[in-house]
Amino acid sequence: MADTEQDPLLRPMPDGVVPAEEVARTEKHWLTMMVAMLGGMMAVMVLTGMTTGIHPPSNVETIDPTTLHLGGEFAESNLGTAQEPNGSLTARLIAEQYAFVPECVKVAVDTPVKFRLTSSDVVHGFLLPATNVNTMVVPGFVSEVRTRFSRPGVYRMPCNEFCGNGHHGMWSRVEVVSKADFRALAPTERSSCVQQ
Ligand code: CUA
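Residues numbered from 1 in each chain as written. Predicted model: local features only at pLDDT ≥ 70, side-chain atom pairs only at ≥ 80, totals over all residues. Heavy atoms only, no water.

What follows covers the overall build of the protein chain. Along the backbone of the protein chain there are two helices and ten strands. Tracing the protein chain from N to C terminus, the helices and strands come up as α-β-β-β-β-β-β-β-β-β-β-α. A compact globule built from 196 residues should have a C-alpha radius of gyration of about 16 Å, whereas the protein chain, at 26 Å, is more than 25% larger. Taking the principal axes of the C-alpha coordinates as reference, the protein chain spans close to 90 × 35 × 30 Å. One way to put it: in the protein chain the 15 positive side-chain charges average out to a point 13 Å from where the 21 negative ones average out. (Helix = DSSP H or I, 4+ residues; strand = E, 2+ residues; numbered from the N terminus. Rg over C-alpha atoms; globule rule 2.2 N^0.38 Å. Lys, Arg positive; Asp, Glu negative; His and termini not counted. Charge placed at Lys NZ, Arg CZ, Asp CG, Glu CD.)

Okay, structure coming up:
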């Protein structure tokens, strides 16, 4: 007789209640699945790191967020895309509630590009979809991401870190243009998407 079973967990259950062994079996299945997913995600991190240069930003560089506008690297005249003596490009941007400054930067295709960003207020995020560019922008620190665009196009860049009421509207653009088109741009045109 079931009622004589001493262990209450092993007594027959009323309809709709799952027996303990089945709970244990299901838990084990889900646990296995979770461990497999963790393993899968680790593998994705290692593989993308080795094959497409995706890695966590490792640059630790501090800056005073209260004096960005007064001078130094992130003064207004230094923002946007600059060409280095070796031909590579450096794009400097400030993230602030609720915009990136400048709102648009142009860079050349097939050229090493270094993005340097910092925030003047709270934490923002800088993400270029379908590239290896994805970093937090933290006040007090300079975030640096290196990449290279293989074809021309327009990347819409969302702020991907919740930064306040206007977060959803914090969008900007990176335009990748041909090397010849880039050479033809005046320095001010590299940081503007106004159509000429
Ligand atoms: Cu800036 Cu969200």
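Okay, back to it.
A separate point is the pattern of salt bridges. Summed over all chains, the structure comprises six salt bridges. Close ionic contact of Glu-73 with Arg-116 constitutes a salt bridge, the shortest N to O distance being 2.6 Å. Taken together, the residues span a long stretch of sequence, with Glu-73 in the loop between α1 (20-51) and β1 (80-83) and Arg-116 in strand β5 (residues 112-119) at a distance of 43 residues. Judged by its relative accessible area of 25%, Glu-73 is partly exposed. A salt bridge links Arg-116 to Glu-144, with the nearest nitrogen and oxygen atoms 2.6 Å apart. With a gap of 28 residues between them, Arg-116 in strand β5 and Glu-144 in strand β8 (residues 143-148) connect regions that are remote in the sequence. (Salt bridge = Lys/Arg side-chain N within 4 Å of Asp/Glu carboxyl O. Buried < 20%, exposed > 50% of the residue type's maximum accessible area, 1.4 Å probe, protein only.)

Along the chain, Gln-97 connects to Tyr-98 via a cis peptide bond; the corresponding omega equals -5 degrees. Note that Tyr-98 resides in the loop between β2 (89-96) and β3 (99-101). Backbone geometry places Asp-110, a non-glycine residue, at a positive phi of 55 degrees. For Asp-110, the location among the structural elements is in the loop between β4 (104-108) and β5. On the accessibility criterion, Asp-110 (39% relative accessible area) is partly exposed. In this structure, Ala-130 is a non-glycine residue whose phi angle is positive, near 65 degrees. Relative to the helices and strands, Ala-130 resides in the loop between β6 (124-127) and β7 (134-137).

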